[in-house]
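# Structural description and commentary
Spelled out from the first residue to the last, the chains are:
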Amino acid sequence: MHVVIIGSGPAGLTAAMALRKKKFKGTIDILSAENVPPYSPAALGEYLIKDQENLLYWHGRDVCDRYGCNCFFGEKVTAVDPDQQYVMTEKDRKINFDKLLIASGSKLYIPPVVQGADKEGITNFKNIFGTQKIKDMAGDGNKSAVIVGGGFIGVEIALCLVKIGVKPTILNRRGWIMPKLLDKETGAYVIDDLEKQGVNVMLNTEGNSFIGEEKVEGLITTDGRELKADFYIAATGVKPNIDFILDSGIENDGWGIPVNRYLQTNYKNIYACGDVAQTEDLLTGEMTIHGLHTVAVNHGQRAALNILGPEKEYEKQFSMNSLKELSYKLMVIGELDGEEIKYKDKDVLRKIYIKDNKINGFVLLRDISNAGLFFSLLKKRKNIQHYKDHLLDKNFNPGFVVSKFK
């Protein structure tokens, strides 16, 4: 059997390794648009700060050789023919497949409302090349940056930049930071920490246009201000890499690829996982893309099992986020929707959201005690009606709860 994997990120690489660990003896071809060995995007921030290459290449630069995979780095896939069962690359290479796994990840997405985004001098934090460019520019004495986008990626970039001596300004269009993940109260804590670390936070402010002839020389905001910096970073969101299958017959909505519980597309021998796969959310029941390293790895492992058979359903996932470079620990898990129970004391904020007598989500800021228990109760959809009012008590004993109410 010939397995072709499009993408060498966490999902694709995990699938290839899992196939070999399951004693698969067939051919595995991995194609990647990026001309570097498989690396972990989740480690880019740590790499920027610590400058340790081994943090990126989480399974070693030689992982493809060790696992007997044919890797075509720097060779972008341009088309897929699911009926004739082959892929085409930008180098006019035609590769036939018996089973195909689409794990092509995602790319920076700059909304069309931001003008001049095609100018030279705008970088990103989405891949190793953008991160290396930031690292090199900081090393050359560039000490100020403007970050367009106050979501998770933008905040992560800002926190990393201050660690390497760069003064960042971050623009966010809403009245609080990371509005898709945090409520206003929690966002205020994050803003306070960002500013204490040296980040200039501009709320209710959007980038309108990058100015300059061919190279960016400044950014005009929606309220008419002109911002100048040594370099400019777009952190406006990401979009799945699926351009090569849009007209192939593989079902898609122009954004992602819906899959069934076995990670199969509408073609039973073609699978999708990671940042391109739309799967059912455990909490909302909606088809969505989670865009998380842990989800990508989980998908890759499950896709490999399903390629080999017998088929196994994927585990339904939910939103999970934590910022590593804050001055304190912050966990944001699940959906922040439902009845709210809260504990707040000085610099500590703990919230649990309950729906239908089940934990629907929680926020733990600074004090993350019992995080594992809350996570387990949420994931297993346990009924917590008998002890929900005690979940945030200082003397809450999870062992007692499990024995009494299991």
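Residues numbered from 1 in each chain as written. Predicted model: local features only at pLDDT ≥ 70, side-chain atom pairs only at ≥ 80, totals over all residues. Heavy atoms only, no water.

On to the nonpolar core. Core analysis: the largest hydrophobic core is formed by 48 residues, its most contacted members being Val80, Val87, Leu100 and Ile102. Elements represented by at least two residues in this core include exactly β1 (2-6), α1 (10-21), β2 (27-32), α3 (63-66), β4 (77-81), β7 (99-102), β19 (270-272) and α7 (293-308). For this core, the element with the highest residue contribution is α1, accounting for seven residues. With sequence-adjacent residues up to four places away left out, isoleucine 102 is seen in contact with Ile6, Phe244, Ile245, Ile250, Ile257, Ile270, Tyr271, Ala272, Cys273 and Val276. In this structure, Tyr39, Ala43, Val155 and Ile157 belong to the second largest nonpolar core, which totals 45 residues. (Core = buried A, V, L, I, M, F, W, Y, C linked by side-chain atoms within 4.5 Å. Buried < 20%, exposed > 50% of the residue type's maximum accessible area, 1.4 Å probe, protein only. Helix = DSSP H or I, 4+ residues; strand = E, 2+ residues; numbered from the N terminus. Contact = heavy atoms within 4.5 Å.)

Throughout the structure, instances matching the rule amount to one disulfide. The disulfide that involves cysteine 64 links it to cysteine 71, with 2.1 Å between the sulfurs. Here the disulfide of cysteine 64 and cysteine 71 is left-handed, its torsion about the S-S bond being about -85°. Take cysteine 69: it sits in no disulfide, and the sulfur closest to it among the cysteines is that of cysteine 64, at 5.5 Å. (Disulfide = S-S within 2.5 Å.)

What follows concerns the environment of serine 32. For serine 32, the location among the structural elements is in strand β2. Serine 32 sits in the buried class, given a relative accessible area of 5%. Only 3.3 Å separates the side chain of serine 32 from the side chain of serine 8, close enough to count as a polar contact. (Polar contact = N/O pair within 3.5 Å; in protein donor to acceptor, adjacent residues only side chain to side chain.)

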